[in-house]
Amino acid sequence: MNEKNQDQEDWGLEEFIDAYRRDDFEQAFQICLAGANQGSAEAQVYCGEFYKNGIGVNQDIDEAIRWYTAASEQGDTEAKFSLGFLYASGTGVPQDYEKARIWFAEAAELGDPIAQCDLGRIYREGLGVEQNLEIAFDWYSKAASQDNAMAQLVIAQMYEDGEGVQADPTLAMEYYEKSADQNYPEALVELGVKYETGRGVDQDAVLAVYWYGLAVDQKFPAAFSLLGNMVFRGQGVEKDWDQAFKLFYAAAELGNPMGQYNLALCYGQATGTEQNYELAAHWFSKAAEKGHIDAIVRLAELTLEGEGVEQDARKAFIMLQAAVDRESVEATRLTGYCFENGEGVDKDEEAAFNCYSIAAASGDPKSLFGLGACYEYGIGTDINHPKAAEIYYEAARRGDASAQYNLGRMMVNQIGIQRDIENGLKFFHLAAEQGHDNAREALDYLTAQGITLESLSKTPDKLN
């Protein structure tokens, strides 16, 4: 609770503060209630706070509103803002943005920067009013001129995107830095993201690490995960998987879903820690509860395979549908796998083909591989080897090892396409380099037959 100076009236402020500091909230409430009944606007605001939060007295939102209103009628800015907050948040009353707008406007006109921000948000998002970005920009500007860091961040975003004002990257950067100079965590992270991605600035991984580091110092949850990604990849800082794991863990403990997802990946892949599928499932579950779509998919995958959690194909299929509804390519591909193999759902090859087709349209290599297999083996569609090879090639050039192997096999064995042993061997090598066992076995077999890339370069005619 803020401690206020009181020059106009003596309602027992010093005694109130003393009781509050001693955690004697009932005594503090009685003191401010007496002051409120004497007509002190300041005491009336405090009474409103006590009733709103149930401190020193039973919570009673109606009483809170009564005292805030009494203080507001005396022109108290904080009381007007508090009434706006109650209606905007729906705290103990039906949410009513029109009433919130009225109270925020009265406080904003009196110069309260937080009320100006909230009024700006109402117009920016069109909450209970017609969206008006120009009015929103005007109110945020008023708050920013009072060095309100949140307002400065929003003004930066509006200049960057041209919301309610002519886009101006220079002014956007100026306001990002003004907000960051006050150590506003969101602004620090925004600058980190800009330098990491090169959005509006020259890409600079070292500066990205610097800004993320400052946000970590402010204990901002997302910053731990973003900095962890940089450390994991060795961008702008020395690669250190152990340190990345610690940063992901800190983000996860602070409730950041991205950190929880990355931590789960570390446990699943034994990166920076020992492999532990149970903990991977635990953290995927935590992130999934917050709607992290990739975490939902990974948790479904573990549930499908029974790794770290009890195997339950039906449960996994249902989980995947939640991600499919949000247009997750990976979830759509895995749904295709479920339909193809009758995992958690009745086998339906046409549905599998449709899922693979939808997912493959994104260019996802695993989905392309699945679609290629449909055409090669006639899964939900007619066999079409040239089409299969064409799709395998698209997946192979995107790095999918299974597609590289299958394309190599089709080339070497002349399956529906012209034989091309040399390129087939090259695709086997690409797949083998990624640890594909069948590709390694194929290379071993061909080598035993004296067929290698080196031999082909010497006697191409005999092998073609």
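Summary of the structure given here. None of these values were measured; they are calculated from a predicted model.

With that settled, consider the pattern of salt bridges. Two side chains bearing opposite charge may form a pair once their charged atoms approach each other closely. Inspection of every chain in the model, using the stated rule, returns 22 salt bridges. Across the salt bridge formed by E163 and R124, the nearest N and O atoms sit 2.9 Å from each other. Here E163 is found in the loop between helix 9 (149-161) and helix 10 (169-181), whereas its partner R124 is found in helix 7 (residues 113-125), with 39 residues between them in sequence. According to the relative accessible area criterion, E163 is buried, its value standing at 18%. Of the residues examined, R124 reaches a relative accessible area of 17% and is grouped as buried. With a shortest N-O distance of 2.9 Å, K142 and D138 are connected by a salt bridge. Remark: D138 and K142 occur in helix 8 (residues 133-144); sequence separation between them is four residues, near one turn of the helix.

Relative to the 18 Å expected for 13 residues at 1.5 Å per residue, helix 16 (residues 277-289) spans 18 Å between its end C-alpha atoms, a close match to the ideal helical length. In the core, the buried residues of helix 16 are packed alongside helix 14 (241-253), helix 15 (257-269) and helix 17 (293-305). Looking at where helix 16 begins, the residue whose side-chain oxygen comes 3.1 Å from the main-chain nitrogen of E278 is N276. Residue G291 follows helix 16 closely and has a positive phi angle near 90°.

On to the environment of I417, then. One can find I417 in the loop between helix 23 (401-413) and helix 24 (421-433). Each C-alpha atom of the pair I417 and H385 lies 7.0 Å from the other, and the pair is 32 residues apart in sequence. Here I417 is in contact with H385, P386, A389, M410 and M411, once residues within four sequence places are set aside.

Calculation criteria
Sequence positions are assigned chain by chain, starting from 1 and proceeding in written order. Owing to the predicted nature of the model, reporting of local features is limited to residues with pLDDT of at least 70; listing and counting of side-chain atom pairs is limited to 80 or more, with chain, interface and lining totals taken over all residues. Hydrogens and water molecules were not included; the side-chain quantities draw on all heavy atoms of the structure. Take a side-chain nitrogen of Lys or Arg and a carboxyl oxygen of Asp or Glu: if they are within 4 Å of each other, that pair is a salt bridge. Working definition: helices are DSSP H or I runs of at least four residues, strands are E runs of at least two. Numbering for both runs from the N terminus. Only protein chains enter the calculation, and the probe is 1.4 Å; a residue is then buried if its accessible area is under 20% of its type maximum, exposed if over 50%, and partly exposed in between. To estimate how far a helix should reach, multiply one less than its number of residues by 1.5 Å. Throughout, a contact is declared for two residues whenever any of their heavy atoms are within 4.5 Å. Under the rule applied, a polar contact is a pair of N or O atoms within 3.5 Å (in protein, one hydrogen donor and one hydrogen acceptor; residues adjacent in sequence only if both atoms are side-chain atoms).

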